[in-house]
Structure formats: structure tokens, C-alpha cells
Amino acid sequence: MGEKMAKVIMVQGTTSNAGKSFLTAALCRIFMQMGYRTAPFKSQNMALNSFITDEGLEMGRAQVMQAEAAGIKPSVRMNPILLKPTGDTGSQVIVNGRVMGDMPAVEYYKIKKQLVPEIMSAYNSLASEYDVIVIEGAGSPAEINLRNDDIVNMGMAEVADSPVILCGDIDRGGVFASLYGTVALLKPEEQARIRGLVINKFRGDLSILEPGLRVLEDMTGKPVIGVVPYMRLDLDDEDSLSERFEFKGKKGLVDIAVIRLPRISNFTDFNPLEKIPQVSLRYVETASAIGSPDVIILPGTKNTMDDLKWMRQNGIETAVLKHAAGGGAVVGICGGYQMMGTYLSDPDGVEGGGDMRGMGLLDAETVFMDGKTRTQVTGRVTGGEGIFAGLKGAELEGYEIHMGKTKSSLPGLLTVSDGRETKNDGLTRGNIWGSYIHGIFDRASFTDAFVNCILNAKGLDSATGAVDWNEYKIQQYDLLADGVRNAIDMDMLMKILEKRD
């Protein structure tokens, strides 16, 4: 090529949720702290949590988290293919940040090899600009039924000529078997790419683990370069595997119930609320679990109409309507906002087609159509009624990512700008409001105002002390890097990066 290309290292895992994303983020942070210009890369990601870049392009949130750890702006080149599941057997296929279409898995597998030029163009572009690329695999490289068409694990390692670190999750049990079995199922040339093993999420006395590590090294011929402790950090999670859905905390002064929709997306919107001492935030998926919260939140969803049907069938819609009728607060974000209207129509079959009545919480109609709104915005609250009247004037930032347009004669909630045009967003009625803006709680001033509205309505003192989510995440990335750096053999890691024996 004639131009200097980046050094490269790849993190693969024995299973999904083995800790690949966080280990990749840790390496991005460590190399950045060492002075390397570092970028993450994942050729194909399957996730419902996505993000909109400055250019209005869509990418997986895990690579956004890793880019933040590396101290750089997210670029869609870091995740050229994003699959957003639309059901058990199909996904919306997004290539270089733009929707290619909805496809059953069988159809996608037939065409995915044709996407290799797109993957390599994105990778080579990054590799020509950065000193180090940290590649993340997906699932397991030992899915031998998928080997011939692999573009995300050993197939990616081969075209990038990357050494591989293989990690396993000891917290779920069977880590020695999963590491050994993964290596054993690979071809000899694939085994040769694995330069080190890492055990993730370890709790306990390392000396008790040591004999097993030596046997594992003897059986695989691969060195164990680190045993990473279980770290209770607060970083963006990947979809349904998130531990956030399992509420284990005590009830706070402000009780917020988020409906855990079957196709919930961008639930990271609500992570900042969890950090406020007065707030207990819990995810619920039955009507009986809702209880008597101060606020019910209807989150984003990959399929608004199907998830509204689900709420209707299991009694959750009735529980939400009863809560609202009694003066309770209800907030909807994106798909949750669309549900709150009176009518939803899908003439183009974007969500499967048809029409259905909405929840009737807001006097609004949504029509789904081809073409996705993708943009970053800043703005301020210009509406707000009932207990949320105190939101007026609060500033916010976030992004829109949705199919469909919502129309209403109700007053708008927000005035937002994408840098080119200014418009109204969202609607408000009494203690109910909805908005298309994801990330609306990331700015501390908005979240302060939101929680204080609820505290004041209950006759409690305000001053929540919300954290600035961006500053908070930087602290978490540093803690992650410290934990991994202290747990792995850095000399061996650098030899692997430099491809030295």
C-alpha cells in the first residue's frame, strides 16, 4: 500500500458475554495512556443498542464505548456492519451506518461475503490513521458451522494478519473447558494466531487457581497472560445480557420503573438515573412488578407496534393507563413515545404493516415510513406541565434514531437543533411527556431538573447532585484500564502487539 499501517491485536472470546467488549475497551485505554493513537474495530456487531455519529450514521454502542475509552470520536468505520434483530430469525442490516434492509438470517449469510470489501475499506482507513487497532471478535471463533463464511473472528484475524488474545468468563463456570475446547476446535493455522489466554471476571484467591492455569497452558500450548478480577464498573452494556435488568438495590426516594420491552433498545439512556442516590431504577416485565412507582418509563424499541401488542396482551398497558389516570407520571422515549399516541400506522410495512390504536396518553399519530431519522441534537425544554413544569429551560443533548414521524396539535416539549435546522420535538400533557431524543439524561443539569421535579411533587428536598455522565464514564475507563493493566503481563502483551516471540 505504501503507507504505514497500524499495529493490530484482536480480542476473541469463548462465548458471547465473555468480557470481550470490556477487555477491548481496556486495551484501547491502556494503549492510549501509553501514547499510541488507538482505535477499536469490530467488523460485524449484533446489537439493539446503537448510536448516531456526528455525520448522522448508525453504529454499535460497544464500539462507541471503546472509542470513548481510546479518547477519540466514534466513527462508523469502527463498526462497518451492524445487525439489529427484528425477531428470532432476522435482522435489520446496516452497512457503513446506513440501512441496507431487513433480512432473514439465511439471506444475510448468503450475501455477507460480498460485504468483505466494505469491511476491509473501513479497517484499512482506520489502520492508515492510527498507531494501534484493537479488534473485537463476536460470539465464539469455534462456531465450526460458520467457519467458511466467517468475517468477524478468525476470518477477520487472517485478513488483518492479527495476533489473537482469547478470553473466557470464569464467573459462569467451566472456563478451563471452554478455553481448551475453543482452541481444540480451531484449525492449526487458527490456533497459531492465538498468542495468549485471559481469564475474565475472577473472584477469589488466585493461588487456588494457579495449578489449573499451568495445566491449561500445557494442554493448549498457550500462555495465560492474565487473570482479570471481577470489577464492578459502570460502563455501557450490550443488549439483553445486561445485569442492569436485574434490580438488586433498595427502594429510593424516587422509584422509577422502566418497562422491559421484548425488543428494548438503547436502554443505556437510563444509566445516568441509576447514579443518583435518591433514585431506584428497576426494569419490569410483568404488570404485577410495576407496583406504585413515581414514574413509569416506556423506553425505545426496535419494533414499536409488536411491543405495544405485547404490553396489551400481558396487562402492562392497562397498568400504565391506570397509573396515568391516577395522576402518575409517564415518560416515553422514541418507540415508547410513539406508543403513547392515539394511532400508529405502517403503510409501507416498515414494522410489518397494518394500523393499530395507541395508548391514548398523548393526542398524537405516528406514521412509519421508509427512511430513518439519524441525527445528533442539542436543545432545551420549552414545554412541561404538571409536576414537570420545573423542567422548562433545562438544556439537553442527545440523538435521534427512529423510523416514522409523529404529528399532534399538543404543545411541543423541546426545541432542538442539529446544527442545520431548529425544530420542536416531543409532546407534553399533565404529568406525561414523550420525546424522540436518546441520551436525554446524559447531561447532569437536565437529570437534576427531572429528578427534582419528582422530589418537589412529593414534598421532599431537591438538589439531587446528578453526575455529568460523560465525565463519569472517563473515570470508569481509567479504573477499567488500571484493573486490567495490573492483572495481565504487560511485557507479554507488548510482545504480542509487536508480533515478537
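About the cut-offs
Residues numbered from 1 in each chain as written. Predicted model: local features only at pLDDT ≥ 70, side-chain atom pairs only at ≥ 80, totals over all residues. Heavy atoms only, no water. Axes fitted to C-alpha atoms, helices over the stretch in contact; angles between N-to-C directions. Helix = DSSP H or I, 4+ residues; strand = E, 2+ residues; numbered from the N terminus. Parallel < 35°, antiparallel > 145°, perpendicular 65-115°, else oblique. Contact = heavy atoms within 4.5 Å. Nonpolar A, V, L, I, M, F, W, Y, C, P; charged D, E, K, R; others polar. Core = buried A, V, L, I, M, F, W, Y, C linked by side-chain atoms within 4.5 Å. Buried < 20%, exposed > 50% of the residue type's maximum accessible area, 1.4 Å probe, protein only. Pairing = 2+ DSSP bridges. Salt bridge = Lys/Arg side-chain N within 4 Å of Asp/Glu carboxyl O. Patch = residues over 30% accessible without salt bridge, like charges linked within 9 Å, V, L, I, M, F, W, Y side chains within 5 Å. Areas by Shrake-Rupley, 256 points an atom, 1.4 Å probe, with all protein chains shown as cover.

1. So, the packing of helix α6 (residues 175–185) against helix α8 (residues 206–220)
Piece 1. Running from amino to carboxyl end, α6 crosses α8 at an angle of 10°, the nearest separation of the two axes being 10 Å. Taken together, the axes of α6 and α8 lie roughly parallel to each other. Here α6 contributes Phe176, Leu179, Tyr180 and Val183 to the contact with α8, which in turn contributes Leu209, Gly212, Leu213, Leu216, Met219 and Thr220.
Piece 2. In terms of residue class, the contact of α6 with α8 is built from eight nonpolar, two polar and no charged.

2. Regarding the nonpolar core
Piece 1. Grouped together as the largest cluster of nonpolar side chains are 86 residues, with contacts concentrated most on Phe31, Phe41, Tyr108, Tyr123, Ile133, Ile135 and Met156.
Piece 2. For Tyr123, the contacting residues outside a window of four places in its chain are Val8, Phe41, Ile133, Ile135, Met156 and Ala160.
Piece 3. By size, the runner-up hydrophobic cluster in this structure holds 66 residues, among which are Val331, Leu344, Met359 and Leu391.

3. Regarding the sheet that holds strand β11 (residues 194–202)
Piece 1. Within the open sheet, the six strands sit side by side as β2-β9-β1-β10-β11-β12. Their pairing is parallel. Edge strands, defined here as strands with exactly one partner in the open sheet, are β2 (38–41) and β12 (224–229). Recorded for the sheet is a direction-independent mean angle of 20° between the axes of neighbouring strands.
Piece 2. Relative to strand β9 (residues 132–136), β2 runs parallel, the two being bridged by four bridges. Residue Thr38 lies in a different strand from β9, and its bridge partner there is Val132.
Piece 3. Sheet strands in contact with α6 are β10 (164–169) and β11, and its direction is about 145° off that of β10.

4. With respect to the sheet that holds strand β8 (residues 98–104)
Across a sheet, paired strands are connected by hydrogen bonds in the backbone, their directions being either parallel or antiparallel.
Piece 1. The strand order across the open sheet formed by four strands is β3-β6-β7-β8, and the pairing between neighbours is mixed. A strand with exactly one partner marks an edge of an open sheet, and here the two such strands are β3 (44–46) and β8. Within this sheet the neighbouring strands show an average axis-to-axis angle of 25°, counted without direction.
Piece 2. Two strands pair when backbone bridges link them, and strand β7 (residues 90–95) and β8 are joined in this way by six bridges, in the antiparallel orientation. Directly across from Ser91, in β8, lies its bridge partner Met103.

5. Some details on the pattern of salt bridges
Piece 1. According to the stated counting rule, one finds 27 salt bridges in the structure shown.
Piece 2. Ionic pairing is found between Asp171 and Arg203, a salt bridge with its closest N-O pair at 3.0 Å. Of this pair, Asp171 sits in the loop between β10 and α6 while Arg203 sits in the loop between β11 and α8, and the two are 32 residues apart along the sequence.
Piece 3. We classify Arg203 as partly exposed; its relative accessible area is 44%.
Piece 4. Of the charged contacts in the structure, one is a salt bridge between Arg312 and Glu317, with a shortest N-O distance of 2.8 Å.
Piece 5. For Arg312, a relative accessible area of 25% gives the class partly exposed.
Piece 6. The class for Glu317 is buried, based on a relative accessible area of 5%.
Piece 7. Taken together, the salt bridges that share partners define one network made up of Arg380, Glu395, Glu397 and Arg443.

6. Digging into a nonpolar patch on the surface
Piece 1. Taken together, the side chains of Tyr180, Val215 and Met219 make up a nonpolar region of the molecular surface, amounting to roughly 280 Å² of accessible area.
Piece 2. With respect to the helices and strands, Val215 occurs in helix α8.
Piece 3. Of the residues examined, Val215 reaches a relative accessible area of 44% and is grouped as partly exposed.

7. Here's the deal with the pairing of strand β25 (residues 432–435)
Piece 1. The two faces of β25 match: Ile432 and Gly434 on one face and Trp433 and Ser435 on the other face are all buried.
Piece 2. In this sheet, β25 lies alongside strand β24 (residues 422–429) in antiparallel orientation, the contact comprising three bridges. For Thr428, the partnering residue across the bridge sits in β25 and is Trp433.
Piece 3. The hairpin turn running from β24 into β25, its antiparallel successor, is two residues long, and Gly430 in that turn takes a positive phi close to 60°.

8. Re the pairing of strand β16 (residues 295–298)
Piece 1. Covered by surrounding structure in β16 are Val295 and Ile297 together with Ile296 and Leu298, the residues of both alternating faces.
Piece 2. Pairing between strand β13 (residues 254–259) and β16: three bridges, direction parallel. Each residue of the ladder has a partner; that of Val258, found in β16, is Ile297.
Piece 3. Across four bridges, β16 lies against strand β18 (residues 329–333) in parallel orientation. Within β18, the residue paired with Val295 across the bridge is Ala329.

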